[in-house]
Amino acid sequence: MAAYDLQVSVECLGFTSNDKTIRERFIKIVSKKKPDGIILAGGYGFLYPIVEISNKLKIPFININNKFDPKFNMGKPREKFKYWIGEVIPDDEQAGYLLAKILSENAPVDKSGVVRMIAFIGYKYDFASLERLKGLMRYLSENKNVILQQVFETKYNEASAYKKFYLSKQNRYPKTTAVWTVSDGLAAGSSQAAKDLKLTFGKDYIVGGIDWTEKGIRDVKAEQSYVSVGGHVLEGVWALILIHDYLKEIDFISESVEFMTQMKSISVDDNYCFIKFLLNEQSIKIDFRTYSKYHNKTLKKYDFDISGKIKKCLRE
């Protein structure tokens, strides 16, 4: 949709951490047809060869969704690598804080008014996981009516979340009423465990996750998850607009080279029309040229927040 509005041709390529031929494959691809720009999804270490080659070939690139691994000492965009022109990443700490706030304000409380919570992270060394956990801990430091009983590592495995919630609820932490998770997948695993334990959603417990995955949003719609926090699914669109304008000689450096997505929440209390839109069950025409300084001459500052525009359309 955004590429069509901007009249940009986009080709998607997939690389994995198990691929030992990334450098050779990428060189072959760009030698055949050199792209005008590149968007890298994630800051994973195995993508580092693409960074080096793109910079050497003077191909501007932007990373989205995650920062690059600190061990590569890349600094900020345009410092060490001139053609690493920017990054668009989610404010994961804010997402963790927001999720904690919504769960704490809506979870069942004990007789003393306390919410007892457990938390599931992905990997102990994963940047997004740690930043989201940092947001949770900041919320807890400000709100003493919530007791965090334990943080479990799951390696983003839904079955692991299922097993750990099932066992902890049965044995160590039977009074748990709030389950904070770093992903919608982990929320789904916890929710399934709660169902198998014959717990009543809303009365005995609530659970929430982060990412706005299709399943996560469907679980909110079905009241199997209380909330999903997200919005970074659109970071590829924002990066495309930034590269498009950059190639049109409108450089965003005057604002920043680091753009942070402020995450939004979708909960069981939300407008179902908004949920239907995110699930592609209701269509809304959005002209993404309005977000581009090249196409929208009145735009003084990039505003990469689509939620208000969607909700406005749904009200009309």
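Residues numbered from 1 in each chain as written. Predicted model: local features only at pLDDT ≥ 70, side-chain atom pairs only at ≥ 80, totals over all residues. Heavy atoms only, no water.

**Structural notes on the side chain of H244**
Now for step 1: Note that H244 resides in helix α9 (residues 235-247).
Now for step 2: Once residues within four sequence positions are removed from consideration, H244 is found in contact with L6, V8, S292, Y294 and H295. (Helix = DSSP H or I, 4+ residues; strand = E, 2+ residues; numbered from the N terminus. Contact = heavy atoms within 4.5 Å.)

**A word on the sheet that holds strand β2 (residues 61-64)**
Now for step 1: Spatial ordering of the open sheet is given by β1-β2-β3-β9, a layout of four strands whose pairing is parallel. Strand pairing shows two members of the sheet lacking a second neighbour, β1 (38-41) and β9 (258-261), which therefore form its edges. Strand-to-strand twist across the sheet, computed as the mean angle between neighbouring axes with direction ignored, equals 20 degrees.
Now for step 2: Bridge count for strand β3 (residues 84-90) against β9 is four bridges, and the pairing is parallel. Its bridge partner being in β9, V88 is matched across the sheet by F259.
Now for step 3: Across the face of the sheet, α9 comes into contact with β1, β2, β3 and β9 while running at roughly 155 degrees to β3. (Pairing = 2+ DSSP bridges. Axes fitted to C-alpha atoms, helices over the stretch in contact; angles between N-to-C directions.)

**Observations concerning the environment of F81**
Now for step 1: Along the chain, F81 falls in the loop between β2 and β3.
Now for step 2: For the pair F81 and K58, spaced 23 residues apart in sequence, the C-alpha to C-alpha distance is 9.8 Å.
Now for step 3: When residues no more than four places from it in sequence are discounted, the contact partners of F81 are Y48, V51, N55 and M74.

**Observations regarding the sheet that holds strand β10 (residues 264-267)**
Now for step 1: Here six strands make up an open sheet; going across it, the order is β5-β4-β6-β7-β8-β10 and the pairing mixed. Where the open sheet ends on each side, the last strands, each with one partner, are β5 (146-153) and β10. Pairwise comparison of adjacent strand axes, ignoring direction, gives a mean angle of 20 degrees for this sheet.
Now for step 2: Pairing between strand β4 (residues 115-121) and strand β6 (residues 178-181): four bridges, direction parallel. For I118, the partnering residue across the bridge sits in β6 and is V179.

**Here we look at the nonpolar core**
Now for step 1: F120, L136, F165, W180 and V229 are the most contacted members of the largest nonpolar core, which has 47 residues in total.
Now for step 2: Look past the residues within four positions of F120 in its chain and what remains in contact with it is F152, T154, A161, K164, F165, V179, W180, T181, V182, L186 and S190.
Now for step 3: The next biggest cluster of nonpolar side chains, apart from the first, holds 25 residues, and it includes I64, I85, F252 and Y302. (Core = buried A, V, L, I, M, F, W, Y, C linked by side-chain atoms within 4.5 Å. Buried < 20%, exposed > 50% of the residue type's maximum accessible area, 1.4 Å probe, protein only.)

**Quick look at the pattern of salt bridges**
Now for step 1: All chains considered together, the criterion is met by 15 salt bridges.
Now for step 2: Linking D211 and R132 is a salt bridge whose minimum nitrogen-to-oxygen distance equals 3.4 Å. Taken together, the residues D211 in the loop between β7 (206-210) and α8 (214-221) and R132 in helix α5 (residues 127-142) connect sequence positions 79 residues apart. Across the pair, exposure class does not vary: D211 and R132 are buried alike.
Now for step 3: Of the charged contacts in the structure, one is a salt bridge between E214 and R218, with a shortest N-O distance of 3.1 Å. Placement of both E214 and R218 in helix α8 is noted, with a separation of four residues, approximately one turn of the helix.
Now for step 4: Its relative accessible area of 34% is what places R218 among the partly exposed residues.
Now for step 5: Residues joined by salt bridges that share partners form a network here, namely K67, E87 and E258. (Salt bridge = Lys/Arg side-chain N within 4 Å of Asp/Glu carboxyl O.)

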